[in-house]
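Analysis of the macromolecular model
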Amino acid sequence: MIQQPVLYIVIPCYNEEEVLPITAPMFREKLRQLVAQGAISEKSRILFVNDGSKDGTWEIIQGLARQDEHYLGICQSRNRGHQNAVLAGLMEAKDRADITISIDCDGQDDIHAMDRMVEAYVKGSEVVYGVRSRRDTDTFFKRFTAEGFYHLMRWMGAEVVFNHADYRLISSRVLQEFANFKEVNLFLRGLIPLVGFPSTCVYYERRERLAGKSHYPLRKMLALAFNGITSLSVKPIRMITALGCVVSVLGFLAVIWAIVMAVLGKTIAGWASTVCIICFLGGIQLLSLGVIGEYIGKIYLETKQRPRYIISQRTYDGGPEAPEKDCQ
Ligand code: UDP
Ligand code: MG
C-alpha cells in the first residue's frame, strides 16, 4: 500500500478573532474527512500563523492547540504582512509535511477544493493552484480592479496564474527548492511558478467572508501589485529605454525641422537653436536613463541570488554528491 502524504494546512491570521472560532472547526472537519477517506496521513495538521495580531487571535490559537493536537500555531514577533506570514508557515511545515495547502482563515476559499488538490498531487502535480472560477460575490469595483491587476501583472512581465491568489498546494520538494529563493520582497504567486515542476489548476467559487473585515483595501492591493511587478520584472526599465529611443527619433526629426525653418527664415532669432538643444538633450537623457536602468536591473536581479538551476530528476539515486566514484 502506498503511504498517505502528511498534509499541513497553513493559515495566516491577522486580527481574526471574529472569524477564527467559526472557520477553525471547518478546517478540522476537512482534515478529519481527508484522513477518513485515506487521502492523507493521520499525522496531518492545521498550522495557524499569527501575524502579530493585536486582538485575541493568538489566545484563540493557543486554546485550539490545547484542545486538539491537530491544531498547531506559530506566532510572528510583529505584523509582517500576509505574504511573509504564509512564507513563515510554509517554511515551518516543509520538513514535517509531504504537502502543504495555504489558505486564508476567513472561509472565502472553498475548503472542499482541497480534495481535488490532494488528488492532483497524487496524480503527479507538485504545485496545485486554486483558481477562482467566478467572481459573482465580489462587487463590480473589486472584480474590475482584481482582474485588471492580473492583466497588468502579465503585461508587465510577471508570470502569474490568472485569478489565483494564495490558495494552493505545494509539495515539500518544491518548498525545499523554494527555500533557496532568498529575496525579502515577497510575491508568492509570482515566485512559485519560477520554481517549476509539474503543476495544475483546480477551480472553485470564492464566497464572502464569514465574519470580520478584509485587510486588503485598495491601497494595499496597489502596493502588492507594485511590489509584484518590481520584484519580478525589469520591464518598466525596458519601457524607459524604449521611450528614450522614440523620443530620440522624434527629437532628431524636430532638429531637422527646426533647421529647415531657420534656413527658410520663418523663425525668430534663437528659436531654432533652443528647440534643437531641448529635443536633442531630451532624447539623450531618457536613453541614458534607460541604459543606466538596464544595469541597475541586472544588479537588482543579481542581489536576489536566486538559484540558477533546479534539477527535478536524476537517473541515479541521491543528491549532487552521488553517485559514489569507484576508486579501485
Ligand atoms: N493577513 C495576514 N497579515 C496581514 C493581513 C492579512 O496574515 O497583514 C491574513 C488574513 O488574516 C487572512 C488573509 O491574510 O487570513 C487574507 O486577508 P483578507 O481576507 O483580509 O484579504 P481579502 O480576502 O479581503 O483580499
Ligand atoms: Mg479574505
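Residues numbered from 1 in each chain as written. Chains lettered and ligands numbered in written order. Predicted model: local features only at pLDDT ≥ 70, side-chain atom pairs only at ≥ 80, totals over all residues. Heavy atoms only, no water.

**Examining the overall build of the protein**
Heads up, the rule is: Counting from the N terminus, the helices are DSSP H or I runs at least four residues long and the strands are E runs at least two residues long. The reference for a compact globule is 2.2 Å times residues^0.38; the radius of gyration itself is calculated from the C-alpha atoms. Contact criterion: two residues are considered in contact whenever any of their non-hydrogen atoms come within 4.5 Å of each other. For accessible areas, the Shrake-Rupley method is used with a probe of radius 1.4 Å. Any residue's cover is judged against the shown protein chains and nothing else. Here the positive residues are Lys and Arg and the negative ones are Asp and Glu; neither His nor the chain ends is included. For charged residues, the charge sits on one atom: NZ in Lys, CZ in Arg, CG in Asp, CD in Glu.
Helix and strand counts for the protein come out as ten helices and seven strands. Against the 2.2 N^0.38 benchmark of 20 Å for 328 residues, the protein shows a C-alpha radius of gyration of 26 Å, more extended than a compact globule. Dimensions along the principal axes, computed over C-alpha positions, put the protein at roughly 90 × 70 × 35 Å. Within the protein, contacts between residues at least 6 apart in sequence are counted, and of these 81% link residues at least 24 apart. Looking at the protein as shown, the accessible area adds up to about 18,300 Å², and 59% of this sits on carbon and sulfur atoms. Distance between charge centres in the protein, computed from 38 positive and 35 negative side chains, equals 7 Å.

**Regarding the pattern of salt bridges**
Here is the rule we go by: Think of a salt bridge as a Lys or Arg side-chain nitrogen and an Asp or Glu carboxyl oxygen that are within 4 Å of each other. Think of it in three bands: with a 1.4 Å probe and only protein chains considered, a residue is buried below 20% of the maximum accessible area for its type, exposed above 50%, and partly exposed in between.
Taken as a whole, this structure holds 15 salt bridges when the rule is applied. When the shortest N-O distance is used, the salt bridge between R96 and E92 registers 3.9 Å. Residue R96 is classed as partly exposed on the basis of its relative accessible area of 47%. Judged by its relative accessible area of 34%, E92 is partly exposed. The network of salt bridges with common partners includes E16, D106 and R209.

**As for the confidence of the model for the protein**
Here is the rule: By definition, pLDDT measures how confident the predictor is in each residue, and it falls between 0 and 100.
For the protein, the average pLDDT comes to 87, and 94% of its residues sit at 70 or higher. Helix α5 (residues 140-155) is the least confidently modelled element of the protein, averaging 80 in pLDDT, while strand β4 (residues 99-102) averages 97, the highest of any element.

**Digging into the nonpolar core**
Counted only if it meets this: Nonpolar cores are built from buried Ala, Val, Leu, Ile, Met, Phe, Trp, Tyr and Cys residues. Side-chain atoms within 4.5 Å join them into one set.
Ranked by size, the top nonpolar core spans 38 residues in total, and within it F149, M153, F178 and F187 carry the most contacts. Formed by 32 residues, the second largest nonpolar core is a distinct cluster that contains I9, I111, M114 and Y167.

**Concerning the sheet that holds strand β3 (residues 71-75)**
Put simply, the test is: A pair of strands is treated as paired once DSSP finds two or more bridges between them. Structural elements are reduced to axes, namely lines fitted to C-alpha atoms, with helices fitted over the stretch in contact, and the angle between N-to-C directions of any two is expressed from 0 to 180 degrees.
The strand order across the open sheet built from seven strands is β3-β2-β1-β4-β6-β5-β7, with neighbouring strands paired in mixed fashion. Two strands bound the open sheet, and with one partner strand each, they are β3 and β7 (199-204). Along the sheet, successive strands turn relative to each other by an average axial angle of 25°, direction set aside. Pairing between strand β1 (residues 7-13) and strand β2 (residues 45-50): six bridges, direction parallel. When the sheet's bridge partners are listed, C13 is paired in β2 with N50. Helix α2 (residues 57-67) rests against β1, β2 and β3 of the sheet, and its axis sits at about 145° to β3.

**A look at the environment of L47**
Looking at the element boundaries, L47 is found in strand β2. Residue classification places L47 among the buried positions, given a relative accessible area of 2%.

**Section: the site of ligand 1**
The line we're drawing: We call a residue near a molecule or strand whenever a single non-hydrogen atom of that residue lies within 4 Å of it. Polar contacts here mean pairs of N or O atoms no more than 3.5 Å apart (in protein, one a potential hydrogen donor and the other a potential acceptor; neighbouring residues in sequence count only if both atoms are side-chain atoms). For this classification, Asp, Glu, Lys and Arg are treated as charged, while Ala, Val, Leu, Ile, Met, Phe, Trp, Tyr, Cys and Pro are nonpolar and the rest, including Gly, are polar.
Taken together, the neighbourhood of ligand 1 is formed by 19 residues, with E16, D51, D106, S214 and H215 sitting nearest. In this structure, D51 approaches ligand 1 through a side-chain N or O atom, which is 2.6 Å from a nitrogen atom. Contact with the protein chains removes 94% of the 530 Å² of surface that ligand 1 exposes when unbound. Secondary structure elements with two or more residues in the shell around ligand 1: β1 and α3 (82-93). When grouped by side-chain class, the residues that make up the shell around ligand 1 number six nonpolar, six polar and seven charged.

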